[in-house]
Amino acid sequence: MAYLRDRGWIVRDVRFGNPYDAIATKNGRTLWLEAKGTETKGAAVIVSRREVQWAREHVGDCVLGILSDVVFAPDGEVDPASGKSRVFTWNPDGGALSARDFDFTPAENDRQD
C-alpha cells in the first residue's frame, strides 16, 4: 500500500471478504491490490482460487506485493526490521501458476453407510 501511496495513489484497505486486500485510485483509474507475506525468499506465494479469478478478470489492473524473508520474534510477532518488499503486476497467466490442492466431491454410490 505504501508503494502506491508514495506514487500519489489513494489507497484503502478492504481485506475481509474480497479477493483482494486493498483498492488504489488515481486520476479515475482503479488498481486492485493483493498482499502476500512469507518467511521464504518469496519465489512463489500461495494464492487462492478467488484471487486468481479476480486477477484474470481484471488483467492490467491488479498489483501483487510480496513481503519475503519475514522473521518472527520468539513472542510470535513479526520483526519489523525484517522482510524484503517487492511489487509486481498481478497476472496469474503471466507467471507460473501451479495447483496446490483439489476439491473432491465423493460419488453418492461410493457411500458406505
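As the structure is a prediction and not an experimental result, all values here were calculated from the model. (Residues numbered from 1 in each chain as written. Predicted model: local features only at pLDDT ≥ 70, side-chain atom pairs only at ≥ 80, totals over all residues. Heavy atoms only, no water.)

Draft legend 1. Molecular detail of the sheet that holds strand β4 (residues 62-68). If you walk across this open sheet you meet the five strands as β1-β2-β3-β4-β5, and the pairing is mixed. Because the sheet does not close on itself, it has two edges, and the strands there are β1 (10-13) and β5 (84-89). In this sheet, adjacent strand axes meet at a mean angle of 25 degrees when their direction is disregarded. As defined by bridge partners, strand β3 (residues 29-37) adjoins β4 across six bridges and the pair is classed as parallel. Its bridge partner being in β4, A35 is matched across the sheet by G65. (Pairing = 2+ DSSP bridges. Helix = DSSP H or I, 4+ residues; strand = E, 2+ residues; numbered from the N terminus. Axes fitted to C-alpha atoms, helices over the stretch in contact; angles between N-to-C directions.)

Draft legend 2. The arrangement of unusual backbone geometry in detail. Unlike most non-glycine residues, N27 shows phi in positive territory, near 50 degrees. Its relative accessible area of 78% is what places N27 among the exposed residues. Despite not being glycine, D69 has its phi angle at roughly 60 degrees, a positive value. Checked against the element boundaries, D69 lands in the loop between β4 and β5. When its relative accessible area of 23% is taken as the criterion, D69 is described as partly exposed. (Buried < 20%, exposed > 50% of the residue type's maximum accessible area, 1.4 Å probe, protein only.)

Draft legend 3. Seen up close, the pattern of salt bridges. In the structure shown here, the tally under the stated rule is seven salt bridges. The salt bridge involving R49 is made with D101; its shortest N-O contact spans 3.9 Å. Of this pair, R49 sits in helix α2 (residues 49-57) while D101 sits in the segment after β5, and the two are 52 residues apart along the sequence. On the basis of relative accessible area, R49 is assigned to the partly exposed category, the value being 49%. R56 is paired through a salt bridge with D93; the nearest N and O atoms lie 2.9 Å apart. A residue pair is termed long-range when its members are at least 10 positions apart, and R56 in helix α2 and D93 in the segment after β5 qualify at 37 residues. One continuous salt-bridge network, built from bridges that share partners, spans E34, K36 and E51. (Salt bridge = Lys/Arg side-chain N within 4 Å of Asp/Glu carboxyl O.)

Draft legend 4. Structural view of α2. Among the residues of α2, E51, V52, W54 and A55 are the ones counted as buried. On an axial view of α2, the arc spanned by its buried residues comes to 165 degrees, and they lie on one face. Structurally, α2 contributes buried residues whose contacts are with β3 and β4. (Arc of directions from axis to C-beta. Contact = heavy atoms within 4.5 Å.)

Draft legend 5. Molecular detail of the layout of surface pockets. Estimates place the volume of the largest pocket at around 710 Å³. As for the largest pocket, its lining consists of 27 residues, of which V45, V47, W90, A96 and L97 are closest to the centre. Where the lining of the largest pocket is concerned, the elements lending two or more residues are α2, β4 and β5. Tallying contributions element by element places α2 first for the lining of the largest pocket, with four residues. In terms of residue class, the lining of the largest pocket is made up of 14 nonpolar, eight polar and five charged. Each pocket or cavity is described by its volume, and for the second largest pocket that value is around 360 Å³. Residue lining of the second largest pocket: 18 residues in total, with M1, E34, A35, G65 and I66 positioned closest to the centre. For the lining of the second largest pocket, the secondary structure elements donating two or more residues are α1 (2-5), β3, β4 and β5. (1 Å grid on protein atoms, 1.4 Å probe; cavity = no way out; pocket = protein on both sides within 12 Å on 5 of 7 lines; lining within 4 Å. Points joined across faces, edges and corners; volume = space filled by probe spheres on them. Nonpolar A, V, L, I, M, F, W, Y, C, P; charged D, E, K, R; others polar.)

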